[in-house]
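Residue-level structure breakdown
Here is how the chains run, residue by residue.
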Amino acid sequence: MSESRFVHLHVHSEYSLLDGACRLKDLVQMAKDLGMAHLALTDHGVMHGSLEFYQKAVDAGIHPIIGVEAYVAPRSIHDKKGGGDFNIDDLSDKSNFHLILLAKNMKGYQNLMRLCSIAQLEGFYYKPRIDRTILREYSEGLIGLSA
């Protein structure tokens, strides 16, 4: 099949708990069958499938793009206040914004791993979260997309 120029940049797998059902083996095989040259993996808040995805994509002749759909806290990851109704001036810390982050090089990959670790270990409040301050500090090598 001819090579497709379309690239999926926001793809969840079985590692996006309660959101993704796509198995990596099947995902990569479908991309190969459709002639895709590139494919991204952007699971919710985690990079647990990144190594498996990378290996399967390379074996299939597909360029893997490693990413994550990050949860961004409205203020700081250290704020953990519940709230009622949505109010832009007084957001609940349970209100997360989604941001796709893709690694464009090794530095970006390292920064993604660091961001995911911080989100799990320091920012977890219902979900693993980062904030704009931490993102600014570890943004080198990353491409951000709205989710």
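Look up a bit, the structure's there.
Numbers given for residues are sequential positions, taken from 1 along each chain in its written order. Side-chain atom pairs in this predicted model are given and counted only at pLDDT of 80 or more, local residue features only at pLDDT of at least 70, and totals for whole chains, interfaces and linings cover all residues. Side-chain calculation: all heavy atoms of the structure are included, whereas hydrogens and water are not.

**Brief notes about the overall build of the protein chain**
Condition: Every helix listed is a DSSP run of H or I at least four residues long, and every strand listed is a run of E at least two residues long, numbered separately from the N terminus. Using a 1.4 Å probe on the protein chains alone, a residue whose accessible area is under 20% of its type maximum counts as buried, one over 50% counts as exposed, and one in between counts as partly exposed. Contacts were defined at the residue level, with two residues in contact if any of their heavy atoms lie within 4.5 Å. Methods summary: accessible areas were calculated by the Shrake-Rupley approach with a probe of 1.4 Å, and residue burial reflects only the protein chains presented.
A count of helices and strands for the protein chain gives four helices and five strands. Evaluated residue by residue, the protein chain yields a buried proportion of 44% over its 147 residues. Across the protein chain, the fraction of contacts at a sequence separation of at least 24, relative to all contacts at a separation of at least 6, is 73%. Of the roughly 8,500 Å² of accessible surface on the protein chain, 53% is carried by carbon and sulfur atoms.

**A look at helix α3 (residues 106–121)**
The condition that has to hold: A helix's residues, less one, multiplied by 1.5 Å, set its expected span. To obtain the arc, one takes the directions from the helix axis to the C-beta atoms. As used in this structure description, the phrase polar contact means that two N or O atoms lie within 3.5 Å; if the pair is within protein, one of them must be able to donate a hydrogen and the other to accept it, and residues adjacent in sequence are counted only when both atoms belong to side chains.
The end-to-end C-alpha distance of α3 is 23 Å, a good match for the 22 Å that 16 residues give at a rise of 1.5 Å each. Taken together, the buried positions of α3 are occupied by G108, N111, L112, L115, C116, I118 and A119. Looking straight down α3, one finds its buried side chains confined to an arc of 160°; they lie on one side. Along α3, the residues that are exposed and aim more than 90 degrees away from the buried face are M106 and L121. Those residues of α3 that are buried are in contact with β2 (63–72), β3 (97–103), β4 (129–130), α4 (132–137) and β5 (142–146). With a side-chain oxygen positioned 3.2 Å from the backbone nitrogen of K107, the residue opening α3 is N105.

**A few points about the pattern of salt bridges**
Put simply, the rule reads: Only one rule defines a salt bridge in this text: a Lys or Arg side-chain nitrogen within 4 Å of an Asp or Glu carboxyl oxygen.
Evaluation of the coordinates by the stated rule reveals two salt bridges. When the shortest N-O distance is used, the salt bridge between E14 and R23 registers 3.5 Å. Relative accessible area serves as the criterion here: at 29%, E14 is assigned to the partly exposed category. The partner of D79 in a salt bridge is R75, and the shortest N-O contact between them spans 3.4 Å. Assessed through its relative accessible area of 31%, D79 is described here as partly exposed. Under the relative-accessibility criterion, R75 is labelled partly exposed at 34%.

**Digging into the pairing of β3**
Inclusion rule: Strand pairing requires that DSSP identify at least two bridges connecting the strands.
Pairing between β2 and β3: six bridges, direction antiparallel. Bridge pairing in β3 links V72 to F97. Where β3 and β5 come together, five bridges link them in antiparallel fashion. If you follow A103 over to β5, its bridge partner there is L142.

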